[in-house]
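The primary structure of each chain is shown beneath.
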Amino acid sequence: MYEQYRYGEPPRKFSTGFPIGGILLAMLVIGGYLFVGSALLNEPQQSVAIVLPTPVAPSK
């Protein structure tokens, strides 16, 4: 509806570059934050041991 009152002006062209660039920049910042955070919290790695119960012979 707005376009009919523009009187000879060229139609608007919408670009997706800014939103996509913003999303990519946000992903890069978040990834850097997580990488730096994990590097600063460089605690020694703990190993996990899974111990399964030993099977018991069924009683008769």
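Predicted model only: the values in this text are computed from it and were never measured.

It is worth spelling out the overall build of the chain at this point. Across its full length, the chain holds 1 helix and 0 strands. Looking at the chain as a whole, 2% of its 60 residues are labelled buried. Carbon and sulfur atoms form 69% of the exposed surface of the chain, whose accessible area is close to 6700 Å².

Helical geometry note: an α-helix holds 3.6 residues per turn, so side chains three or four residues apart project in the same direction. Over its 24 residues, helix α1 (residues 17-40) extends 34 Å from the first C-alpha to the last, a length consistent with the 34 Å expected when each residue adds 1.5 Å. Along α1, only 0 of the 24 residues are buried, which leaves the element largely exposed.

In this section: a nonpolar patch on the surface. A cluster of nonpolar residues, Ile20, Ile23, Leu24 and Met27, forms a patch on the protein surface that exposes about 420 Å² of accessible area. Summarising the element assignment, methionine 27 is placed in helix α1. When its relative accessible area of 55% is taken as the criterion, methionine 27 is described as exposed.

The rules we used
- Residues numbered from 1 in each chain as written.
- Predicted model: local features only at pLDDT ≥ 70, side-chain atom pairs only at ≥ 80, totals over all residues.
- Heavy atoms only, no water.
- Helix = DSSP H or I, 4+ residues; strand = E, 2+ residues; numbered from the N terminus.
- Buried < 20%, exposed > 50% of the residue type's maximum accessible area, 1.4 Å probe, protein only.
- Areas by Shrake-Rupley, 256 points an atom, 1.4 Å probe, with all protein chains shown as cover.
- Expected span 1.5 Å × (residues − 1).
- Patch = residues over 30% accessible without salt bridge, like charges linked within 9 Å, V, L, I, M, F, W, Y side chains within 5 Å.
- Salt bridge = Lys/Arg side-chain N within 4 Å of Asp/Glu carboxyl O.

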